[in-house]
Amino acid sequence: MNKKTQEAKILKGCRAGKARYQQMLYELYYGKMFSVCLRYSRSREEAKDVLHEGYMKVFSGIGNYKGDGSLEGWIRRIMVNTAINHYHKNKKLKDTFSIEDEYDEVAEHGHLTEEDVIQQMAYDDLLNVIRTLPPAYQTVFSLYAIEGYNHREIAEMLHISEGTSKSNLAKARKKLQKQVQELLSQKAHFQNV
Amino acid sequence: MSREFNIDKIFREVADKHEEAYDPQDWNVLQGHLKANGLQAQPSVLTQVMRYIVKIISTAAVVYMMPASNQLNNTATPSAVDSKTITTQAAEHLTGSAKPLTHPNPDHLAQNNHTLTKNTHERKKETDKKILKSKKITQHKSKHQIVNKQKGSNVTPHKKRTPLQLNTPNKKARGFVKKTSKPLVTKQKQNIIKQTNINTKDDRLAKNTGNKNSGVVKKKTIISQSLYQVSKLSPIQQLDTLDNTTYRHSKHLAPHIDSISLHTHQTVLQAYHDNWTWVQRPRNTFQRVGRWLGISRKRRIPTPNKAKQVNAKFMAVDDSLKTDKPSKRKKKMATIRKVNQNKSLNLGAPTLRLNKLLSRLFFDKPNPTVAKSRINSLPKPAVYPIREAQLGFVYPLSTNGVDAHKYSNKLSINALIGSAAALDGLEFAGFGNIEKDYVKGAQFAGFFNTAGSHVQGLQAAGFFNNAGGALAGAQLAGFFNLAGVTNRSASRLAHKPTMNIQAAGFGNLNFNGSLNFQAAGFFNIGRQIDGFQGAGFLNISKEVNGFQASGFVGVCEKIHGAQISGFMNVADQVEGLQMAGLLNIAHKVKGSQIGFINIADSLTHGVPIGFLSIIKNGYRKFEIWGSESLHSNIGYKIGVRKFYNIFAVGAQFLPDKFRWGLGYGIGTIRNINAKSNFNFEAMVYHINENKFWEENLRVLNQVKFLYGREFSNGMSLQIGPTFNILVSQDTPESNVLASELPPYHFFDSTINGINLKLWGGLHLGLRF
């Protein structure tokens, strides 16, 4: 209840364009939204650009938010859309850099479960891993696996066909699988030393 | 054996758990953007003034009331040579030997810190004894010398304030030595030199580790106070106190002492500026004042950190190219070159940028949400005194007289031209009506009606109507209607109107709000249509929900419904039907396109019906096939899977004869499962025998029922029966009565020189 009234207060202030409430809203969702933006970008600076562009949209369109659905979800959607726009804008530039896959043999990890992996991995590791993918794979994977969009929506957002989306996802998974195992083997190595 | 993880789950959970740490610096950046775009309300003047005052006071307090602003802060330094010589000479005096006690160059000192401290420690005892013997003399001499040196170098250290500059450890140390050497005895100086040595090292350590801000002020006050107290005492007392306190606790004090040299007046100011995101130092008093008041220009020079980041971005490509292996580098360069080549090739391809064009036409802001927020904050419309009735001839000759344009009328009847501020009722005029502001009600005129702002109600005129702002109601004119063209700012109405109509004999223009019905003899330009838009020649609109019909050309950005034109249609997004006599062009179609030629980037949920359909992400295949009559064929199939066009060429090779055919057809594919499909195709060939082009009738009609097997690389194999009908005319000049294309047939009849043959055949083809 307290949270809701606070949110309503912030919304009211933001609609009036008051700096204090805007800052409150900004701080409230900064962490989550920044981590969303990081997933769709190649660097921290780029992510910050996306974040700020997204927040500009949030503040300019706060009047359109009618209160149905959670505020966080609404903002998150805006952020994702902004990131996709950003992706389209930079597509040409990004496509010039292709990443050759040169992975070494991965050590054996037969006994690990997913929970173990989740515990071991930090968000920075995740970002590092995910950024080794080509931008298209990165975006498709983030949209599908983390944000939970389906292939049709992704295809529409990225102006690609559903088949492309599916194949991108499969390839991204394959690469990430390798990368994660490599990462874990490295970690295990360090821990042993 | 390496185990497969559920990668999705791992990443989702890690991502869900994570939250980035908040960086308050970012808010300042965003706030700048917000202010620039007018998304943040300005605080009232009073609060602004209050903020300035608080800012000035707090700045002044921070800068000048800091306890650090004692003598230590005036760090005017004579030239390096001076301080060096002074130090060495003083040291020589002390020890009475030619060897300098300490090396005068602090940089060097810092490096040899350990050995030096040892040295000084050992020599301290010796010097102590000597000093006790020749205390006064050394004092006098050293003081005398220092004064002389200062005179020689023409520097007055106390009064001159240094300009802001970066404190290198070198300068700091020098300044410190110089300063303290005056009130204190040389012995004391020696100690302090030693301390500064430690300091410089500590400075570096602090800089390296990056934690120099914490608790600085407190430490500084303590140290400076203690030093200040010391300097008040007599020389001998000073010696003792320093020996007892500073020196004895030098270990303890070492980390504190660094703050003395580090945090002078300037650095405090610097730190303060850093906290307020002022990174570039002000160059003169005016700039500084501007900073305080917050009216100075935004800084242009990026901070070193930022510059580094930007630089790194640009250098990343370069570096990657440099560090890579030669083979890899070649590959990368090749890809870059390839992209560049493709770019130049793509130049010729036309790209549809309809939304940009239309936005320019309707003067839309690139970011519509921003524009909306501005509209919402518009002031409310003015209120005018209302007159019940008005009668008049032309403007000054009326019951309202000269002030007619100040009143709003409920009923107004004018013989020729009526003029008023606004209308809240009914108005008639023989020639025209002029309202400065809004119209609420109905206006009738023989020739024209014009309102400065929005119109709620009806405007009817023989020639033209003009509503400056938005239209809510109807505009009927013999020739021309305008709405929302002349006065763009007054756009929003208080409530959504139910029905908006524009009808004119020649043209309609509506740049504001939406319309339900727009009809004109020649052209329509409407921003948003929720209903019908019809014109004899041209229709342009940004969004249509309903039906757009034009005699020649229809242009629209978004269509939900149908767009029908006599000649061509252009749209960005279509949901529904796009139909034209010749050409349909669209970016994204959800539905069908019907026309002679259809062009779209993507088409879903429908079919493009026409002679040629070019769908960018549709179905495009070559097929090579053979059949019993035309032995070898090559064809191109273009469209979507549900409906595609076929262009084909086929030939029959016989020992004595050569026949070839030019064909066109349509086809459809229905999937049986993922790998196999069913194909239905209908084709028409024109057959030429033994010559390039046959003028007589020779038409081969084919219906094919094919089974297709698809392979993973996009190829597919087609096989199935065909049913053929050949209609041919007698050609007596070449001694052929009728075509004998088919090797066999089960029906053959000739009526009036027209031969009909029916037979069944086989099709075997490969698509790629």
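A. Just the overall build of chain A, in detail. Of regular secondary structure, chain A possesses nine helices and zero strands. Starting at the N terminus and walking to the C terminus, you meet the elements of chain A as α-α-α-α-α-α-α-α-α. Considering only residue pairs separated by 6 or more positions, chain A has 73% of its internal contacts joining residues 24 or more positions apart.

B. Local environment of the overall build of chain B. Looking only at helices and strands, chain B features 18 helices and 30 strands. Burial status across chain B gives 42% buried among its 768 residues. Considering only contacts in chain B between residues 6 or more positions apart, those separated by 24 or more positions represent 38%.

C. Quick peek at the environment of Ile754 of chain B. Among the structural elements, Ile754 of chain B can be located in strand S30 (residues 754-767). Apart from the residues lying within four places of it in its own chain, the contact partners of Ile754 of chain B are Leu697, Val727, Ser728 and Ser749 of chain B.

D. Examining the pattern of salt bridges more closely. Residue and element names in this part refer to chain A. The tally for this structure, following the rule as stated, stands at twelve salt bridges over all chains. Salt-bridge contacts for Glu147 lead to Arg39; the nearest nitrogen and oxygen are separated by 3.3 Å. Placement of Glu147 in helix H7 (residues 135-147) and of Arg39 in helix H2 (residues 19-39) is noted, with a sequence separation of 108 residues between them. Comparing Glu147 with Arg39, the two get one shared label, buried. Linked by salt bridges that have partners in common, Lys32, Arg39, Glu72, Arg76 and Glu147 make up one network.

E. Seen up close, the packing of aromatic side chains. Residue and element names in this part refer to chain B. A full pass over the atoms with the stated rule returns 35 aromatic pairs over all chains. When the ring of Phe479 is compared with that of Phe506, the centres are 4.7 Å apart and the planes differ by 5 degrees; the resulting orientation is stacked. Placement of the pair is Phe479 in the loop between strand S10 (471-477) and strand S11 (480-483) and Phe506 in the loop between strand S12 (501-504) and strand S13 (507-520), with a sequence separation of 27 residues. A cation over an aromatic ring shows up here: Lys440 above the ring of Tyr438, its NZ or CZ 5.3 Å from the ring centre.

F. Geometry of the confidence of the model for chain A. All names here are of chain A. Per-residue pLDDT for chain A has a mean of 77; in total, 81% of the residues score no lower than 70. When the elements of chain A are averaged for pLDDT, helix H5 (residues 114-120) gives the smallest value, 62, and helix H3 (residues 44-60) the largest, 85. Contacts from residues 94-110, a stretch scored under 50 in pLDDT, to residues over four places away or in other chains number 35 contacts.

G. Main features of the packing of H7 of chain A against helix H8 (residues 151-158) of chain A. All names here are of chain A. Where H7 meets H8, the axes come as close as 10 Å, and the angle between the chain directions of the two elements is 140 degrees. By the angle between their axes, H7 is oblique relative to H8. Here H7 and H8 pass one another in a crossing that is right-handed. Together, Thr139, Val140, Leu143 and Tyr144 of H7 and His151, Ile154, Met157 and Leu158 of H8 make up the contact between the two elements. Residue classes in the contact of H7 with H8 are distributed as six nonpolar, two polar and no charged.

H. Focus on the nonpolar core. Membership of the largest hydrophobic core comes to 63 residues, with the highest contact counts inside it found for Leu25, Leu51, Tyr55, Ile75, Phe141 and Leu143 of chain A together with Phe11 of chain B. Among the elements that take part in this core, H2 of chain A stands out by supplying ten residues, more than any other. Filtering out sequence-adjacent residues up to four positions away, Tyr55 of chain A remains in contact with Leu25, Tyr26, Tyr29, Tyr30, Met33 and Met79 of chain A together with Leu30 of chain B. Membership of the second largest hydrophobic core comes to 20 residues, among which are Ala451, Val544, Ile559 and Ala600 of chain B.

I. Focus on H8 of chain A. Residues and elements named next belong to chain A. Residues of H8 that are buried include every one of His151, Ile154, Ala155, Met157 and Leu158, and no others. The buried residues of H8 occupy one face: seen down the axis, they fall within an arc of 165 degrees. Just downstream of H8 lies His159, where phi reads positive at about 60 degrees.

J. Just helix H6 (residues 123-131) of chain A, in detail. For H6 of chain A, the buried fraction is high: seven of the nine residues fall into the buried class. Among the residues of H6 of chain A, Tyr123, Asp125, Leu126, Leu127, Val129, Ile130 and Arg131 of chain A are the ones counted as buried.

K. Spotlight on a nonpolar patch on the surface. A cluster of nonpolar side chains, namely Phe622, Ile624, Ile634, Val649, Leu662, Phe692, Trp693, Phe711, Leu717, Leu766 and Phe768 of chain B, defines an oily patch on the protein surface of about 1000 Å² accessible area. Looking at where Leu662 of chain B falls in the secondary structure, it is placed in strand S25 (residues 658-671).

L. Seen up close, unusual backbone geometry. With a phi angle near 60 degrees, His159 of chain A is a residue other than glycine that sits in the positive phi range. On the secondary structure map, His159 of chain A appears in the loop between H8 and helix H9 (162-192). Even without being a glycine, His605 of chain B presents a positive backbone phi close to 55 degrees. Here His605 of chain B shows up in the loop between strand S19 (597-604) and strand S20 (608-609). Overall, the relative accessible area of 58% leaves His605 of chain B in the exposed class.

M. Seen up close, the pairing of S25 of chain B. Residue and element names in this part refer to chain B. The pairing of strand S24 (residues 644-653) with S25 spans ten bridges and is antiparallel. The residue bridging Phe647 from the neighbouring strand is Tyr664, located in S25. Linkage of S24 to S25, two consecutive antiparallel strands, is achieved through a turn of four residues. Joining the antiparallel neighbours S25 and strand S26 (residues 676-689) is a turn of four residues.

N. Inspection of a positive patch on the surface at higher detail. Residues Lys9, Lys12, Lys18 and Arg20 of chain A make up a contiguous surface patch of positive charge. The topology assignment puts Lys9 of chain A in helix H1 (residues 2-15).

O. Molecular detail of the side chain of Gln702 of chain B. Mapped onto the elements of the fold, Gln702 of chain B is located in strand S27 (residues 698-710). At 3.0 Å, the side chain of Gln702 of chain B forms a polar contact with the side chain of Asn724 of chain B.

P. Seen up close, the packing of H2 of chain A against H7 of chain A. Residue and element names in this part refer to chain A. Two elements in contact, H2 and H7, have axes separated by 9 Å at closest approach and are oriented at 140 degrees. Classified by the angle between their axes, H2 and H7 sit oblique to one another. Touching Val36, Leu38 and Arg39 of H2 are Gln138, Ser142, Ile146 and Glu147, all from H7. Broken down by class, the residue content of the contact of H2 with H7 amounts to three nonpolar, two polar and two charged.

Q. Molecular detail of the confidence of the model for chain B. With 58% of its residues at a pLDDT of 70 or more, chain B shows a mean pLDDT of 71. Note on residues 134-189 of chain B: pLDDT under 50 across the span, and 97 contacts to partners over four residues away in sequence or across chains.

R. Local environment of the side chain of Gln22 of chain A. With respect to the helices and strands, Gln22 of chain A occurs in helix H2. Those residues within four positions of Gln22 of chain A in sequence are excluded, and the remaining contacts are Cys14, Gly17 and Phe59 of chain A together with Trp27, Leu34, Leu39 and Gln40 of chain B.

S. Structural view of the pairing of strand S4 (residues 422-429) of chain B. Residue and element names in this part refer to chain B. Where strand S2 (residues 408-414) and S4 come together, six bridges link them in parallel fashion. Residue Leu411 lies in a different strand from S4, and its bridge partner there is Leu426. Bridge analysis of S4 against strand S6 (residues 439-445) gives five bridges, and the strand direction is parallel. By the bridge assignment for S6, Glu427 is matched with Gln443.

Analysis parameters
- Residues numbered from 1 in each chain as written.
- Chains lettered and ligands numbered in written order.
- Predicted model: local features only at pLDDT ≥ 70, side-chain atom pairs only at ≥ 80, totals over all residues.
- Heavy atoms only, no water.
- Helix = DSSP H or I, 4+ residues; strand = E, 2+ residues; numbered from the N terminus.
- Contact = heavy atoms within 4.5 Å.
- Buried < 20%, exposed > 50% of the residue type's maximum accessible area, 1.4 Å probe, protein only.
- Salt bridge = Lys/Arg side-chain N within 4 Å of Asp/Glu carboxyl O.
- Phe/Tyr/Trp six-rings, centres within 6.5 Å; stacked < 30°, edge-to-face > 60°.
- Lys NZ or Arg CZ within 6 Å of the ring centre and 35° of its normal.
- pLDDT = per-residue confidence, 0-100.
- Axes fitted to C-alpha atoms, helices over the stretch in contact; angles between N-to-C directions.
- Parallel < 35°, antiparallel > 145°, perpendicular 65-115°, else oblique.
- Left-handed = near helix turned anticlockwise from the far one by under 90°.
- Nonpolar A, V, L, I, M, F, W, Y, C, P; charged D, E, K, R; others polar.
- Core = buried A, V, L, I, M, F, W, Y, C linked by side-chain atoms within 4.5 Å.
- Arc of directions from axis to C-beta.
- Patch = residues over 30% accessible without salt bridge, like charges linked within 9 Å, V, L, I, M, F, W, Y side chains within 5 Å.
- Areas by Shrake-Rupley, 256 points an atom, 1.4 Å probe, with all protein chains shown as cover.
- Pairing = 2+ DSSP bridges.
- Lys, Arg positive; Asp, Glu negative; His and termini not counted.
- Charge placed at Lys NZ, Arg CZ, Asp CG, Glu CD.
- Polar contact = N/O pair within 3.5 Å; in protein donor to acceptor, adjacent residues only side chain to side chain.

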